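Structural overview for review
Residues per chain are reported as follows:
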Amino acid sequence: MRPQSVEVLGVRVDGVTYREACEIAAALIQQGGAHQFATVNPEFVMTARRDEEFRAVLAATALNVPDGAGVVWAARRRGLNVRERVAGVDLMLKLCDWAARYRWRVFFLGAQAGVAERVAAALVLTYPGLTVAGAYAGSPRREEEMALVARVRAARPQLLFVAYGAPAQDKWLARNLPLLAPAATDGASGIVGMGVGGAFDFIAGVQKRAPDWMQRANLEWLYRLLRQPWRWRRQMALISFALAAMLESR
Ligand code: UDP
C-alpha cells in the first residue's frame, strides 16, 4: 500500500497527493490498528539528523507527506515524482472533509487552551456532518500522558490531530497511538494520527496564514519569518537543509 518514496537526508518522503493521502487514511482506518502520518518539512529533516528518537519515529510512520517547498525540491531532485506539495494544515482540512463523509470520529488535541475547541466548532460548520470525538489542549508533558491517553481512548476517534509542534507531537503519537487502537475484537475500525504543528492556530485564526500568492510562490516560510521574527533561528534550518540536500548525491 505504501507509495513510491525517496530518502531525503535520511528521512523517507512519500510521493503522494492530497487525494492519495486521504485514500491511504481511509484504507488504514478500514484495516484497523494504529497508523501515524507525518508532514515532513526541512526543519523535520534537520531535527531528525541530530535526534535519533525523532529519526526512528519518522522511519516507522505509515506516511510522510512532502510538506514544505524545500522538501518537495529535494525529493524531486532525488527522483521522486512529487505532483504537489502536501501542506499539513490543508491535508488536515481534506481529512476532515473525508471524515464528515465517511463518519470518522475526529479528535483535536493540542495548541493553547480553548483553541482546539474553536477549531472543532469552525470545522463542523465547514464540513456539515463532521463528528467531533473531542477537542482538548492538554500538553505534551510526560506527567499528563496517561490522563490524555485515557481521555482520547474514551472518545474512540478514527482521526487524531495533535498540535504540539515537531518533534514533540510526533514522538507523542509514536508512544501513544498504539494504546489508542481499538481492540481487534471490537470489530471496530483503526485510527490514524497526525502531528499538525501550527495548523490549529491557523484554522482558529490565532495565526494568519500566508496569502495564496505567497504559498504558490513557495514563500510561506518568508511570511512566517516576517510575522514571527523570533523564528529566524529555527528557519536557519532551511539554509543548512538546502546546503546539505545539494551535497547529497542524487
Ligand atoms: N504547543 C502546545 N504545547 C506545547 C508546545 C506547543 O500546545 O507544549 C502548540 C502551540 O500552541 C502551537 C503548536 O503547538 O499551536 C506549534 O506551533 P508551531 O507553529 O511551533 O509549529 P510548526 O507548524 O512550526 O511545527
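Structural notes, computed from the coordinates. Values in this document were obtained by computation on a predicted structure and should not be read as measured data. (Residues numbered from 1 in each chain as written. Predicted model: local features only at pLDDT ≥ 70, side-chain atom pairs only at ≥ 80, totals over all residues. Heavy atoms only, no water.)

Some details on the nonpolar core
Selection rule: Among buried residues, those of type Ala, Val, Leu, Ile, Met, Phe, Trp, Tyr and Cys that are joined through side-chain atoms within 4.5 Å constitute a nonpolar core. The buried label applies to any residue whose accessible area, calculated with a 1.4 Å probe on protein chains only, is under 20% of its type's maximum; exposed applies above 50%, and partly exposed to all values in between. Here a strand is any run of E in DSSP of at least two residues, a helix any run of H or I of at least four, and the numbering for each starts at the N terminus. The criterion used for residue contact is that any of the two residues' heavy atoms lie within 4.5 Å.
Core analysis: the largest hydrophobic core is formed by 43 residues, its most contacted members being Leu91, Met92, Leu95, Phe108, Leu130, Phe161 and Phe200. Listed by contribution, the elements that provide at least two residues to this core are helix 1 (18-31), strand 4 (63-66), helix 5 (88-102), strand 5 (105-110), helix 6 (115-126), strand 7 (159-163), strand 8 (191-195) and helix 9 (199-204). Here the element with the most residues in this core is helix 5; it accounts for eight residues. In this view, Leu95 contacts Cys22, Ala25, Trp104, Leu159, Phe161 and Met194; residues no more than four positions away in its chain are not counted. One finds Met46, Phe54, Val72 and Ala75 within the second-largest nonpolar core, a separate group that totals 23 residues.

Topic: empty space enclosed by the protein
Operational definition: Grid points spaced at 1 Å and placed over the protein atoms alone form the basis of the search, with a cavity being a set where a 1.4 Å probe fits but cannot get out and a pocket an open set showing protein on both sides within 12 Å along at least five of seven lines. Lining residues have an atom within 4 Å of a point. Grid points are joined across faces, edges and corners, and a volume is the space filled by probe spheres set on the points. Think of it as three bins: nonpolar holds Ala, Val, Leu, Ile, Met, Phe, Trp, Tyr, Cys and Pro, charged holds Asp, Glu, Lys and Arg, and polar takes everything else, Gly as well.
The full count for this structure, using the stated rule, is one cavity of 30 Å³ or more. Roughly 40 Å³ of volume is contained in the largest cavity. Every residue along the wall of the largest cavity is listed here: Phe202, Gln207, Lys208, Tyr223, Arg224, Arg227 and Gln228. With three residues, helix 11 (residues 220-227) is the single largest residue contributor to the lining of the largest cavity. Its residues placed into classes, the lining of the largest cavity shows two nonpolar, two polar and three charged.

Regarding the pattern of salt bridges
The condition is simple: Between Lys or Arg on one side and Asp or Glu on the other, a salt bridge is scored when a side-chain nitrogen of the former is within 4 Å of a carboxyl oxygen of the latter.
Per the stated rule, a full pass over the model turns up 15 salt bridges. For Arg12, the salt bridge is made with Asp14, and the minimal N-O distance between the two is 3.1 Å. Put simply, Glu220 and Arg85 hold a salt bridge, and the shortest N to O gap is 3.0 Å. Residue Glu220 is found in helix 11, and its partner Arg85 is found in the loop between helix 4 (69-77) and helix 5; the two are separated by 135 residues along the sequence. Look at the salt bridges and you will find they share partners, linking Asp51, Glu53, Glu145, Lys171 and Arg175 into a network.

A closer look at helix 6
Defined as follows: One fewer than the residue count of a helix, multiplied by 1.5 Å, yields its expected span. To obtain the arc, one takes the directions from the helix axis to the C-beta atoms.
Taking 1.5 Å as the rise per residue, helix 6 with twelve residues should run 16 Å; its terminal C-alpha atoms sit 16 Å apart, in good agreement. Within the sequence span of helix 6, burial applies to Val115, Ala116, Val119, Ala120 and Leu123. Summarising the axial view, the buried residues of helix 6 lie within an arc of 140 degrees, below the 170-degree limit, and thus occupy one face. Close packing links the buried residues of helix 6 with helix 5, strand 5, strand 6 (131-136) and helix 9.

Details of the site of the ligand
The line we're drawing: Residue proximity to a molecule or strand is established when one non-hydrogen atom of the residue lies within 4 Å of it. N or O atoms closer than or at 3.5 Å make up a polar contact, with two conditions inside protein: a donor-capable atom paired with an acceptor-capable one, and, for residues adjacent in sequence, both atoms drawn from side chains.
Among the 13 residues in the neighbourhood of the ligand, the closest are listed as Ala111, Gly198, Asp201, Arg231 and Arg234. Between Gln112 and the ligand, the recorded distance is 3.2 Å, taken from a side-chain N or O atom to an oxygen atom.

Remarks on the side chain of Arg209
Relative to the helices and strands, Arg209 resides in the loop between helix 9 and helix 10 (212-216). A polar contact is formed between the side chain of Arg209 and the side chain of Gln215, at a distance of 3.4 Å. Reaching out from Arg209, the side chain makes a polar contact with the side chain of Glu220 at a distance of 2.8 Å. When sequence neighbours within four positions are dropped, the list of residues in contact with Arg209 reads Ala87, Val89, Asp90, Phe202, Gln215, Glu220 and Tyr223.

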